[in-house]
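Below, each chain spelled out in residue letters.
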Amino acid sequence: TSEASAPDPTQWRTVGFNDALWSTGQAAFYYETQPGSATAYTGNTALSDMSGSYSCLFMRRTFVVNNVNELSELQLSALSDDGFRAWINGTNVADFNMPGGEIPFDGASLGALTEPVPVQVFTIANPRSFLVNGTNVLVVHAFNSSLGASSDFVINVSLSGTTDTTRPTVANLIPLAASTVRSLTSIEVDFSEDVTGVEAADLLINGVPATGLASFNAAQYV
């Protein structure tokens, strides 16, 4: 019935936000005014006071990543009636049936869809750009399409990851291997994917370690 954080309404999306006083519950979260109907929702946590009282739900869940570089993509699955937005460490990663712009606590999703709403699956590429080794946080702002006219609400979200077990390879060398150069002052090594932990001593030229190293990732090239 109010913003999850003030005066900054986005602060609750960050890892460091203190949610110690928040209520806890197990998904799915729902309410249903027509139990027993063909499209009725059920779940683990009933929001019996939601209808006519509030139109949204704020949710947070922390999770630990031991090695960010092992994750190639994430999958976020959600059953949502009527809409939601999700962030990981403050980065927006999924939207479903929502209008544009920042939506306040007393806002609403777009109009209700045909029910029952199917599970939505979002593939999140390049999770290394926003995940950190250690504690991360997934937050979800779930909405009903109206304050009192809706007969139901449900939100159930899960997050999984795909592990990258393929080792990077050398994709290109400049100058090319076996090419003739008059003066060799530098070598550019292009890997098949972004790598970390490479030091100058790891790069050997005729068995002699390189004396310096500058690194760039794909995002830094135009």
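Structural data are supplied above this passage.
The sections below set out a description of the structure shown in this document. Because the structure is a prediction, the values reported are computed rather than measured. (Residues numbered from 1 in each chain as written. Predicted model: local features only at pLDDT ≥ 70, side-chain atom pairs only at ≥ 80, totals over all residues. Heavy atoms only, no water.)

### Observations regarding empty space enclosed by the protein
Heads up, the condition is: Method remark: on a 1 Å grid restricted to protein atoms, a set of points is classed as a cavity if a 1.4 Å probe fits but cannot get out and as a pocket if it is open with protein on both sides within 12 Å along at least five of seven lines; lining residues have an atom within 4 Å of a point. Grid points are joined across faces, edges and corners, and a volume is the space filled by probe spheres set on the points. Numbered from the N terminus, helices here are DSSP runs of H or I no shorter than four residues, and strands are runs of E no shorter than two. Basically, the charged four are Asp, Glu, Lys and Arg, the nonpolar ten are Ala, Val, Leu, Ile, Met, Phe, Trp, Tyr, Cys and Pro, and anything else, Gly included, counts as polar.
One pass over the full model with this rule turns up 1 cavity of 30 Å³ or more. By volume, the largest cavity amounts to about 40 Å³. Counting residues per element, the ones that place at least two in the lining of the largest cavity are strand S5 (83–88) and strand S8 (134–143). Its residues assigned to classes, the lining of the largest cavity shows 3 nonpolar, 1 polar and 3 charged.

### A closer look at the sheet that holds strand S4 (residues 71–81)
Rules: At least two bridges found by DSSP between two strands are what make those strands a pair.
Judged by pairing direction, the sheet is mixed, and its 5 strands sit side by side in the order S2-S1-S9-S4-S7 without closing on themselves. Across the chains shown, the open sheet's two edge strands, defined by having one partner strand only, are strand S2 (45–46) and strand S7 (120–125). Bridging between S4 and strand S9 (residues 152–163) involves 10 bridges; their strand directions are antiparallel. Bridging across to S9, Gln75 finds its partner in Ser160.

### Looking at the packing of aromatic side chains
Spelled out, the test is: Only Phe, Tyr and Trp rings are paired, with Trp represented by its six-membered ring, and only when their centres lie within 6.5 Å; those with planes under 30 degrees apart are stacked, over 60 edge-to-face, the remainder tilted. The classification of residues rests on relative accessible area computed with a 1.4 Å probe and restricted to protein chains. Under 20% of the type maximum is buried, over 50% is exposed, and intermediate values are partly exposed.
With the rule as written, the count across this model stands at 6 aromatic pairs. For the pair Phe84 and Phe96, a centre-to-centre distance of 6.3 Å together with 40 degrees between the ring planes defines the contact as tilted. Placement of the pair is Phe84 in strand S5 and Phe96 in strand S6 (residues 91–96), with a sequence separation of 12 residues. Phe96 matches Phe84 in its accessibility class, with the two residues each being buried. Joined through ring pairs, the aromatic side chains of Trp12, Phe17, Trp22, Phe58 and Trp87 make up one cluster.

### A few points about the side chain of Asn97
By the secondary structure assignment, Asn97 is in the loop between S6 and S7. Under the relative-accessibility criterion, Asn97 is labelled buried at 15%.

### Digging into the nonpolar core
Operational definition: Side-chain atoms within 4.5 Å link the members of a nonpolar core, which is a set of buried Ala, Val, Leu, Ile, Met, Phe, Trp, Tyr and Cys residues. In what follows, a contact means two residues having at least one pair of non-hydrogen atoms within 4.5 Å.
Among the nonpolar cores identified, the biggest contains 33 residues, and Leu76, Phe84, Ala86, Leu131, Val140, Phe153 and Ile155 are the most heavily contacted of them. Contributing elements (two or more residues each) for this core: strand S1 (29–32), strand S3 (56–65), S4, S5, S6, S7, S8 and S9. The element best represented in this core is S4, accounting for 4 residues. In this view, Leu131 contacts Phe63, Val65, Val68, Leu71, Leu74, Ile88, Asn89 and Asn136; residues no more than four positions away in its chain are not counted. The next biggest cluster of nonpolar side chains, apart from the first, holds 11 residues, and it includes Ala4, Trp12, Val139 and Phe143.

### A look at the environment of Trp87
If you trace the backbone, Trp87 turns up in strand S5. In this structure the C-alpha to C-alpha distance between Trp87 and Asn66, which are 21 residues apart in sequence, comes to 20 Å. Apart from residues no more than four positions distant in its own chain, Trp87 is found in contact with Trp12, Arg13, Asn92, Val93, Val137, Leu138, Val139 and His141.

### Observations concerning a nonpolar patch on the surface
The condition that has to hold: Patch construction takes residues with relative accessible area above 30% that form no salt bridge. Like charges are linked within 9 Å, and nonpolar side chains (Val, Leu, Ile, Met, Phe, Trp, Tyr) are linked within 5 Å. All accessible areas in this document rest on Shrake-Rupley with a 1.4 Å probe, and a residue is counted as covered only by the protein chains that are shown. When a carboxyl oxygen of Asp or Glu is within 4 Å of a side-chain nitrogen of Lys or Arg, the pair counts as a salt bridge.
Taken together, the side chains of Val181, Leu184, Ile187 and Ile205 present a nonpolar region at the surface, about 310 Å² in accessible area. Judged by relative accessible area, which is 39%, Val181 ranks as partly exposed.

### As for the sheet that holds S5
Rules: For helices, the fitted line uses only the C-alpha atoms of the stretch in contact; every axis is such a line through C-alpha atoms, and the angle between N-to-C directions lies from 0 to 180 degrees.
Ordered in space as S3-S8-S5-S6, the 4 strands form an open sheet in which the pairing is antiparallel. Two strands lie at the open edges of the sheet, namely S3 and S6, each paired on one side alone. This sheet shows a mean twist of 15 degrees between the axes of neighbouring strands, independent of strand direction. Where S5 meets S6, 5 bridges bridge the pair, whose relative direction is antiparallel. Within S6, the residue paired with Phe84 across the bridge is Phe96.

### Re unusual backbone geometry
Going from Ala27 to Ala28, the amide bond is cis rather than trans, its omega being 5 degrees. For Ala28, the location among the structural elements is in the segment before S1. Cis peptide bonds are those with omega within 30 degrees of zero, and the linkage from Ile174 to Pro175 qualifies with 0 degrees. Note that Pro175 resides in the loop between strand S10 (170–174) and strand S11 (188–191). Phi at Asn97 is positive, roughly 55 degrees, even though this residue is not glycine. Unusually for a residue other than glycine, Asn126 sits at a positive phi of about 50 degrees. Here Asn126 shows up in the loop between S7 and S8. A residue is classified by how much of its surface remains accessible, and Asn126, at 46% relative accessible area, is partly exposed.

Take it as geometry only, folks, not as evidence of what the structure does.
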